[in-house]
Amino acid sequence: MPGIMTKILEVEDLEVAFRIGPAFGIGQRKELLGVAGVGFDLDPGKTFALVGESGSGKTTLARAVNGLQAISAGRIVFDGQRIDDLDARRMKPLRLRMSMMFQDPVGSLSPRMKVGDLVTEAYRIHGIDVDFRAETERLLSLVGLSMDVTDRFPHQLSGGQARRVGVARAIALNPELIIADEPTAGLDVSIQGEVLNLLNDLRERLGLAMIIITHNLHVVRHVADRMAVMYLGRFVEIGPTDEIFSAPAHPYTAALLSANPEPDPDRAKDRIALPAEVPSLLHRPEGCEFHTRCPWARQDCGDEIPEAVIVGQRRVACRFPLERGERPPADSPTDPPTK
Amino acid sequence: MSLPTVNLLTIRDLNVRFATERGELHALRDVGLDIGKERIVGIVGESGCGKSTLINAILGLLANNGRIDGGRILFNGRDLTRLDPKSMQALRGIEIATVFQDPMGALNPVISVGRQMRNIQYRSSLRNKEKDARSVAMLQRVRIPDAKQALHRFPHEFSGGMKQRIAIAMALMMEPALLIADEPTTALDATLEVATIDLLKDLQAGIGCSVLFISHHLGVIAELCDEVVVMYAGEVVERGSTSQVFNHPNHPYTARLLECDPARQAKRTRLLPTIPGEIPDLRHRPPGCIFASRCADHRSACQAPPPEIEVDNGHFARCIHARHHDENSRSRRP
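Residues numbered from 1 in each chain as written. Chains lettered and ligands numbered in written order. Predicted model: local features only at pLDDT ≥ 70, side-chain atom pairs only at ≥ 80, totals over all residues. Heavy atoms only, no water.

Chemist: Kindly report on the pairing of strand β8 (residues 209-213) of chain A, identifying the contributing residues and their values.
Modeler: Residues and elements named next belong to chain A. Of all five residues making up β8, five are buried, and the element is well covered by its neighbours. Taking every second residue as pointing to the same face, both faces of β8 are buried, with A209, I211 and I213 on one and M210 and I212 on the other. Bridge count between strand β3 (residues 47-51) and β8: four bridges; the pairing is parallel. When the sheet's bridge partners are listed, L50 is paired in β8 with I213. In this structure, strand β7 (residues 177-181) lies alongside β8, joined through five bridges in parallel fashion. Across the sheet, the residue bridging to L177 is A209, located in β8. (Buried < 20%, exposed > 50% of the residue type's maximum accessible area, 1.4 Å probe, protein only. Helix = DSSP H or I, 4+ residues; strand = E, 2+ residues; numbered from the N terminus. Pairing = 2+ DSSP bridges.)

Chemist: Now, about the state of the cysteines: what can you tell me, with residues and values included?
Modeler: Inspection of the entire model under this criterion finds zero disulfides over all chains. The cysteine C301(A) is free of any disulfide, with C288(A) supplying the nearest cysteine sulfur at 6.0 Å. Judged by its relative accessible area of 10%, C301(A) falls in the buried class. A disulfide-free cysteine, C295(B) has its sulfur positioned 6.3 Å from the sulfur of C302(B), the nearest such atom. (Disulfide = S-S within 2.5 Å.)

Chemist: Could you give me a rundown of unusual backbone geometry, with the residues and numbers involved?
Modeler: Of all residues except glycine, most have a negative phi; of all peptide bonds, most are trans. Within the chain, D13(A) stands out as a residue other than glycine whose phi angle is a positive 45°. With respect to the secondary-structure elements, D13(A) resides in strand β1 (residues 9-20). Given the relative accessible area of 59%, D13(A) is considered exposed. With a phi close to 50°, D13(B) is a non-glycine residue in the positive phi region. Within the element layout of this structure, D13(B) appears in strand β1 (residues 7-20). Given the relative accessible area of 47%, D13(B) is considered partly exposed.

Chemist: How would you explain the sheet that holds strand β7 (residues 96-99) of chain B if you had to name every residue and give the values?
Modeler: All names here are of chain B. In spatial order, the strands read β7-β8-β9-β3-β10-β11-β13-β12; together these eight strands make up an open sheet with mixed pairing. Pairing within the sheet leaves two strands with one partner each, and these edge strands are β7 and β12 (309-312). Strand after strand, the sheet turns through a mean of 20° between neighbouring axes, direction not considered. Where β12 lies against strand β13 (residues 315-317), three bridges are found, and the strand directions are antiparallel. Looking at the pairing, D312 lines up with H315 of β13. Of the strands in this sheet, β7 and β8 (178-182) touch helix α7 (residues 160-172), which is tilted by about 175° from β7. Sitting on the sheet, helix α11 (residues 252-260) touches β3 (40-44), β10 (227-232) and β11 (235-241), and the angle it makes with β10 is about 100°. (Axes fitted to C-alpha atoms, helices over the stretch in contact; angles between N-to-C directions. Contact = heavy atoms within 4.5 Å.)

Chemist: Describe in detail the pattern of salt bridges, supporting the description with residues and values.
Modeler: Scanning all chains against the criterion turns up 43 salt bridges over all chains. Notably, a salt bridge pairs R234(A) with E289(A), separated by 3.0 Å at the nearest N-O pair. Here E289(A) lies in the loop between α10 (251-258) and β11 (309-311) and R234(A) lies in strand β10 (residues 234-240), a separation of 55 residues in the sequence. For E235(B), the salt bridge identified is with R29(B), shortest N-O distance 2.7 Å. (Salt bridge = Lys/Arg side-chain N within 4 Å of Asp/Glu carboxyl O.)

Chemist: Account for the nonpolar core, with residues named and values stated.
Modeler: In this structure, L54(B), I58(B) and L139(B) are the most contacted members of the largest nonpolar core, which totals 94 residues. Counting residues per element, this core draws most heavily on α7(B), which supplies seven residues. Built from parts of two domains, this core gets at least three residues from each of domain 1 (7-95 + 176-270) and domain 2 (105-173) of chain B. Residue contacts for I58(B): discarding those within four places in its chain leaves L9(B), I11(B), I73(B), L80(B), M88(B), I96(B), I180(B) and L212(B). Counting 38 residues, the second largest nonpolar core, distinct from the first, contains Y123(A), L140(A), A162(A) and A180(A). (Core = buried A, V, L, I, M, F, W, Y, C linked by side-chain atoms within 4.5 Å. Domains from an automatic or database assignment.)

This is the structure:
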């Protein structure tokens, strides 16, 4: 590693546009922005979390970083090298250095390959000659699986085992960056802990940088150094995890954190209720895009797009960032709380 | 807490076995639980603990290689294990309705929502117009905006949260006595998850049905359920009111499970707790305590089947270490 810490990843003003329609000659050609101008960077050995509702652009952003999704504007710089304009051939060597764990643990494994072949597939793709058996053994033991599973097909694995095979595949080539899309979704709490501990251990031992996408906020609080909250393809708040959890400044962040179900039946629920309807990406609201659901929205929030303001070490896309623990005004235009 | 006097569903000593290529699998062993009228009961447990098998046994939908090997499932006094397939079919969807994790699995993608909602009222003698009016009313109850318009739309035109609400509306259409909800919020985000839970609570109170709610999300169970049943490897290891079980877990598995939830870790930690070991092979069930191989507290006495001990009014734990609450507070075990 060079003397000065270089960023492993820098993303600037990234946009991903999807063209849709017309279908069967019906409808007009439209464009929607799945990711609408986001920027962040990542130091080696650090973990960055992306949170937000489904459809907010988390996975699209991750796929764009990994070169699986073409971008329409912006820059992606990996270890000092611009990668967003590389073709597949020139991208291939970089794939040695970054890997992805996909959302569906079983679905992301080829059903016709055995575990032993799956974990070493990357070596074959990149034409790297290693002792496959020894490498399989090393990777499986790293993720806490025994050699018994090498002859099994994905459908013969439990969810937790399939997830570990996914981790083994992701770390096979000693990457410097792992992008983990919902690495614990659908896993039981005890196994969820095992997978996260495993990733964390690798992060510490190998200096891995990680991007974790999840909607489990409790997980984010424990594992992420920094986080960004996405809404309709934009970051509404980005900064150190501790700061965001202790005093969310964007109303959407505050609502998201307050909605987190707590495993404590006696705890008083102090929820910030939001109207359930998320606007369509085809009809983005004018001005601040959250104002249609925001309990704090003021008359003129729909007039102009808010500039990001600095709160502590965070960037917050709101003209009126919240004070610590601020509650919505009584006459807020949201659904009345149920009960 | 007042306990229900009338039970809608009572399960006793239920055993389910599956014939597999590698021998017989004892999926449920001596499962017992009660669901009171108008109560919301949660089942929590990790994958493979038998939650889905239990639901399928209740619904009479066990796979062909599965069979009920003893035990009773009493629903409104009738033993469902002895019911013929035809009567069982008449019960499903009318008296017992279900909602599953994936709403798309419950909705037909090529038929409009209105047509589907009309179809599920096929047993009713109402005219189509009246059926549609009922559909609109139900969609409004699950807070679908423009409910009348929604009848003409197709499932893919709704967001994930709305699709799940439509699936709930369809399940509750016939005002069932029991709603079985199998991980209905797992695919939803935190804000939608909470909204769906609140909605379920409202509808349950409005209709006056009982709910059997299956989840591995402890937070959701704590929010929604009056009572909770903890399952491990096909056995009920602990059951009681939600506050009894969450505040005074008496089975070591329950205690470990609660510890493992990152939400219960007040202090930020990189190293999350786990439960070492694996679920035993259910083809070769140990005769004694099912959790013994992973339990830090296991003794030689755990080789024998543990009794279900009532540790408090309505709070049971299947563990030899379980103690009545009063004793427990006097001498906490090491």
